[in-house]
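# Remarks on the overall topology
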Amino acid sequence: MSQSRFASAPPPTATAAVATPRFASGREAALELRPDQPVYCFRPHVLAADARAFVEAFPGKTAYAVKTNGEPMVLDVLARAGIAAFDVASPAEFAAARAAAPGAELLYMHPVKAQSDIRLALEHYRIRATALDHEDEVAKIVRIVRALDLDPEDLTLFVRIASKGDAAYELSKKFGAAPGHAAELLQRIHGIGIKCGLCFHVGSQVEDPDTYARAVAVAAEVRAAAGVPIVALDVGGGFPATYARNPRRPAPPMPPLDQIISGLMGAVERNGFAGTPLVAEPGRVIVARSFSVIVRVLLKKGQRLYINDGIWSSLSDSWTGKILLPVRHIPDPARRHRPGRGAQAGGRIEPFRIYGATCDSVDVLSRPFYLPESVDTGDWIEIGHIGAYSLSLRTRFNGFYPDTFVEVETPFEAGDAPEGFAEPERRGGVEE
Ligand SMILES: *Cc1c(COP(=O)(O)O)cnc(C)c1O
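We now turn to the structure provided with this report. No experiment lies behind these values; they were computed from the predicted model shown. (Residues numbered from 1 in each chain as written. Predicted model: local features only at pLDDT ≥ 70, side-chain atom pairs only at ≥ 80, totals over all residues. Heavy atoms only, no water.)

### Some remarks on helix α6 (residues 135–147)
Selection criterion: Strands are runs of DSSP state E lasting at least 2 residues, helices are runs of H or I lasting at least 4, and numbering of each runs from the N terminus. By definition here, a helix of n residues has an expected span of 1.5 Å times n minus one. Per-residue accessibility, obtained with a 1.4 Å probe over protein chains only, is compared with the maximum for each type, and a residue is labelled buried under 20%, exposed over 50%, and partly exposed between these values. Should any heavy atoms of two residues lie within 4.5 Å, those residues are considered in contact.
If you check α6, its first and last C-alpha atoms are 18 Å apart, about what 13 residues at 1.5 Å a residue would give, namely 18 Å. Those residues of α6 that sit buried are E137, V138, K140, I141, V142, I144 and V145. For α6, the secondary structure elements touched by its buried residues are α5 (115–124), β6 (129–132), β7 (156–160) and α7 (179–192).

### A look at helix α9 (residues 257–270)
The condition is simple: Arc, as used here, means the arc of the directions from the helix axis to the C-beta atoms.
Here α9 is 14 residues long and its end C-alpha atoms lie 20 Å apart, about the 20 Å a rise of 1.5 Å per residue gives. Residues of α9 that are buried include every one of L257, I260, I261, L264, M265, A267 and V268, and no others. With its buried residues spanning 155 degrees around the axis, α9 presents them on a single face. Among the exposed residues of α9, those pointing more than 90 degrees away from its buried face are D258, E269 and R270. Lining the buried residues of α9 we find α2 (44–57), α8 (210–226), β10 (278–280) and α10 (284–287). Directly beyond the C-terminal end of α9, a positive phi value near 75 degrees is found at G272.

### Some points on the site of the ligand
The cut-off we apply is this: We call a residue near a molecule or strand whenever a single non-hydrogen atom of that residue lies within 4 Å of it. Methods summary: accessible areas were calculated by the Shrake-Rupley approach with a probe of 1.4 Å, and residue burial reflects only the protein chains presented. By the convention adopted, Pro, Cys, Tyr, Trp, Phe, Met, Ile, Leu, Val and Ala count as nonpolar, Lys, Arg, Asp and Glu as charged, and the other residues, Gly among them, as polar.
The immediate surroundings of the ligand are formed by 15 residues, with K67, S204, E281, R284 and Y389 found nearest. In isolation the ligand has 380 Å² of accessible area, and contact with the protein removes 91% of it. When its residues are assigned to classes, the shell around the ligand shows three nonpolar, seven polar and five charged.

### A few points about the packing of α8 against α9
What counts here: Lines fitted to the C-alpha atoms define the axes, with helices restricted to the stretch that makes contact. Angles between their N-to-C directions range from 0 to 180 degrees. Working rule for angles: under 35 degrees goes down as roughly parallel, over 145 as roughly antiparallel, 65 to 115 as roughly perpendicular, anything else as oblique. Here is the rule for handedness: rotate from the far helix to the near one, and if that takes an anticlockwise turn smaller than a right angle the crossing is left-handed, while a clockwise turn gives right-handed.
Two elements in contact, α8 and α9, have axes whose closest approach is 8 Å; the angle formed by their N-to-C orientations is 20 degrees. Taken together, the axes of α8 and α9 are roughly parallel relative to one another. Where α8 crosses over α9, the handedness of that crossing is right-handed. Across from Y212, A213 and V216 in α8, the residues of α9 making contact are I260, L264, A267, V268 and R270. Across the contact of α8 with α9, the residue classes break down as seven nonpolar, no polar and one charged.

### Describing the pairing of strand β2 (residues 39–42)
Applied cut-off: Pairing between strands is defined by DSSP: at least two bridges between the two strands are required.
Residue alternation in β2 divides its side chains into two sets, V39 and C41 and Y40 and F42, and both sets are buried. In the sheet, β2 pairs with strand β11 (residues 291–301) via four bridges, with the strands oriented antiparallel. Residue pairing in the sheet places F42 in a bridge with F291 of β11. In this sheet, strand β17 (residues 404–408) lies alongside β2 in parallel orientation, the contact comprising four bridges. If you follow C41 over to β17, its bridge partner there is V406.

### Focus: the packing of α5 against α6
Interaxial distance between α5 and α6 falls to 10 Å at its minimum, and their mutual angle equals 45 degrees. If you check the angle between α5 and α6, you find them oblique. Judged by the twist between their axes, the crossing of α5 over α6 is right-handed. Between α5, through Q115, I118, R119 and L122, and α6, the contact on the second element is made entirely by E137, K140, I141, R143, I144, V145 and A147.

### Notes on unusual backbone geometry
A positive phi is found at Y389, a non-glycine position, where the angle reads about 55 degrees. For Y389, the position within the fold is in the loop between β16 (380–383) and β17. Classification of Y389 by relative accessible area gives buried; the value is 14%. One non-glycine residue with positive phi stands out, namely N398, at about 65 degrees. Inspection of the secondary structure assignment puts N398 in the loop between β16 and β17.

### Re the nonpolar core
Selection criterion: Here, nonpolar core refers to any group of buried Ala, Val, Leu, Ile, Met, Phe, Trp, Tyr and Cys residues whose side-chain atoms link them within 4.5 Å. Residue ranges for the domains originate in an automatic or database domain assignment.
Within the largest apolar cluster, 107 residues are counted, with the highest numbers of intra-cluster contacts made by Y64, F86, F239, I381 and I383. The leading source of residues in this core is α8, at nine residues. Counting contributing residues, this core receives three or more from each of domain 1 (3–43 + 288–421) and domain 2 (59–281). With near-sequence residues (within four places) excluded, I381 lies in contact with V293, I294, V295, V297, L305, I307, V327, R328, F369 and L371.

Pasting the structure below:
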């Protein structure tokens, strides 16, 4: 954490050397700081609670997926909350996870890796588990194992199987071996004397428990075809976080995490994996609730709001249009005269089209924010549950790079209810 990222205030924790301003709520932070730049509100208590909740619900090893949010402040809190394994994919992620949690296990679950990164992982970071979906990747790994004179028995190679799912973000098209190919890879790995695992990743924000059950069934098919011992089954990530529901377009409620995990565990037992050690790689479900961002309305033009954030900063995770971010209006108390009816109560809730900070014409959210009609230039909007894939996907496009952090003690949804629903951008396809 570099000092320049924080305004001055007392230290947030005993171990953090740098002061982070602390507030009870996002509203309090907005009213006190009156920020013109986006301000990230980090909620370490919420993060620790959500991490513990996952670890308690999942009967296996929990390896946090660092790509979801690899900020040092996040990894520190996770390590202190008892996360003892991290799913990492690059040298920068090896270093970040090792720095936050020197004793933690690193699982290198990227199926397609640079030869030099494999060497760094095995030699310097002493990583002993990785994933693959092709025989050429086996050859790359074996070359390094031989060069370093490692015992193949110390290594576990997880064969990633292709899976079909209904995630908001479908990832199985990019990686994964078909069942017959996966079985051949397992036999090849077993033949070299390396331990065999199976893994899949069904996508992100998976709200249908059957998606995991189908993937576990494919894993059982692959195990049967290969006929070699399987030392671990890694069920990947994808566990859903809580977002807003659009009240104007009712959708079935999201199944709670317990229900998704019990569905998964039913499939694990039915398919004969009850005795196999399990691994999960959750990202979104652990970190989503732990950040909000306070943005400012730079200009109101009728039903349009121009804000100081957008798809190239904190709101790019929303490109599928499937996630509804909750929002809260924070009126500027310095502004006493407001247009519209019922100014005291904020007025009717109306849809506002949201334009981002950059000059890029695609930097506009496809769906409106529902906010009181009295919202105006100079007001703030707190956008909740943006901890996953927001900070990690910020760009410096057009010179805008939000990087101011405060700590907030209460959850986003505590206190007065968020007023509207941010229904974010479908990248490339703007509606309305
Ligand atoms: C991105 C990723 C994860 C985390 O996914 P979430 O949907 O955030 O839980 C886990 N495993 C792999 C292999 C990934 O690529």
